[in-house]
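If you want the building blocks of each chain, they are given just below.
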Amino acid sequence: MTAEVVEARALPLARLAALPGVSTASGVASAAEHARTTGRVLPVSPALSGLLPAAGLRRGSTVSVLGSTSLMLTLLAAATAGGAWAVAVGLPTLGVVAAAELGVEVGRLALVPRPGAEFPAVTAALLDGFDLVVVGPGFARPDVARRLSARARNRGSVLLSLGSWPGAEVELSCRRSRWTGLTGDGAGYLRAREVEVRTGGRGAAARPMSALLRFPGEGEVRKADFPAPATVVTAATARWGTA
């Protein structure tokens, strides 16, 4: 291929990349790296980074998590370990011990278990002072959700919803799971839960992605192989439910 042909083929791409709102793959990667190094993205576990557009939790964004409290807590782990402050609003049954086992620095985790009718005002105030604000399901009407997401954007905090959230930029969901640790006759101890996590959303998160993760009882979440579920595993899941 001659230099003239290479140049001729490159010209249309250069014109396209120059259009407003159009980014090349290298440009997106460069922007993500710049955001991480300037503190605009809070870190997450390496097993989760590939599921998020900026390889972490971008400040000012809203993220919803469906189907797993463990996944939500895992999102907080690396950020709080690195010095970020988090608060959970409207989650009265949230287990602090479970949070610690999943890597959350509980000394940097505050709890507001029952905000009641003051949920919008309380959450708005917390978005002013915390890096990450986790809210329980069922609190926000669409108009309240829009106002709180706008508040997060303006204050540079990350709003995380345990449940569906209107207009969330990123949505993570657990689609299937299996427990490990049981033998064929049902004896043993449940040691870890392997789940398929899928992501979708708007903008940079519009392309669906998925990963197979293992949530251990203690230690960091990691990627896992996902074999076909066995009967005993299905029975265990029915007995113990999801985390």
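These notes cover the structure that comes with them. (Residues numbered from 1 in each chain as written. Predicted model: local features only at pLDDT ≥ 70, side-chain atom pairs only at ≥ 80, totals over all residues. Heavy atoms only, no water.)

## Examining the environment of Leu 162
What counts, and what does not: Strands here mean DSSP runs of E at least two residues long; helices mean DSSP runs of H or I at least four residues long; both are numbered from the N terminus. We call two residues contacting when some pair of their heavy atoms lies within 4.5 Å.
Along the chain, Leu 162 turns up in strand 7 (residues 158–162). Ignoring any residue separated from it by four or fewer positions in sequence, one finds Leu 162 in contact with Val 65, Ser 68, Thr 69, Met 72, Leu 91, Val 135, Gly 136 and Pro 137.

## Concerning the packing of aromatic side chains
Aromatic rings in a pair are described by how distant their centres are and how their planes are angled relative to each other. Which entries qualify depends on this criterion: Classification of ring pairs uses Phe, Tyr and Trp, with its six-membered ring standing for Trp, and accepts pairs whose centres are within 6.5 Å; under 30 degrees between planes counts as stacked, over 60 as edge-to-face, and the remaining range as tilted. Note on classification: 1.4 Å probe, protein chains only; a residue is buried when its accessible area is under 20% of the maximum for its type, exposed when over 50%, partly exposed between these limits.
What the rule picks out here adds up to one aromatic pair. Seen from their ring centres, Phe 119 and Phe 139 are 4.8 Å apart, and the 20° between their planes marks the pair as stacked. Of this pair, Phe 119 sits in helix 6 (residues 119–129) while Phe 139 sits in the loop between strand 6 (132–135) and helix 7 (142–155); the two residues are 20 residues apart in sequence, bridging distant segments of the chain. Residue class for Phe 119 comes out buried when judged on its relative accessible area of 1%.

## Focus on the pairing of strand 6
Our working definition: Should DSSP find at least two bridges between two strands, the strands are regarded as paired.
The alternating pattern of strand 6 places Leu 132 and Val 134 on one face and Val 133 and Val 135 on the opposite face, and all of these are buried. In this sheet, strand 6 lies alongside strand 4 (residues 86–89) in parallel orientation, the contact comprising four bridges. When the sheet's bridge partners are listed, Ala 86 is paired in strand 6 with Leu 132. Looking at chain direction, strand 6 and strand 7 are connected through four bridges and run parallel.

## What about helix 7?
The criterion, for reference: Under the convention used throughout, the expected extent of a helix is 1.5 Å for every residue step, that is, one less than its residue count. To obtain the arc, one takes the directions from the helix axis to the C-beta atoms.
Counted at 1.5 Å a residue, the expected span for helix 7 with its 14 residues is 20 Å, and the 20 Å between its end C-alpha atoms agrees. Looking at helix 7, one finds that the buried residues are Val 144, Ala 145, Leu 148, Ser 149 and Ala 152. Angularly, the buried residues of helix 7 cover 130° about the axis, an arc narrow enough to put them on a single face. Counted as exposed and oriented over 90 degrees from the buried face of helix 7: Arg 146 and Asn 154. Those residues of helix 7 that are buried are in contact with strand 3 (62–66), helix 6 and strand 7.

## With respect to helix 4 (residues 69–81)
Just so we agree on the cut-off: Here a polar contact is taken to be a pair of N or O atoms separated by no more than 3.5 Å, where protein atoms must pair a possible hydrogen donor with a possible acceptor and residues adjacent in sequence count only if both atoms sit in side chains.
Across its 13 residues, helix 4 extends 18 Å between first and last C-alpha, which sits within 8% of the 18 Å expected from 1.5 Å per residue. Along helix 4, 10 of the 13 residues are buried, which leaves the element largely enclosed by surrounding structure. Among the residues making up helix 4, those that are buried are Ser 70, Leu 71, Met 72, Leu 73, Thr 74, Leu 75, Leu 76, Ala 77, Ala 79 and Thr 80. Two or three places before Ser 70, at the opening of helix 4, Ser 68 has a side-chain oxygen 3.4 Å from that residue's backbone nitrogen. Looking one or two residues past helix 4, Gly 83 carries a phi angle of roughly 115°, positive in sign.

Interpretation in functional terms is not warranted from these geometric data alone.
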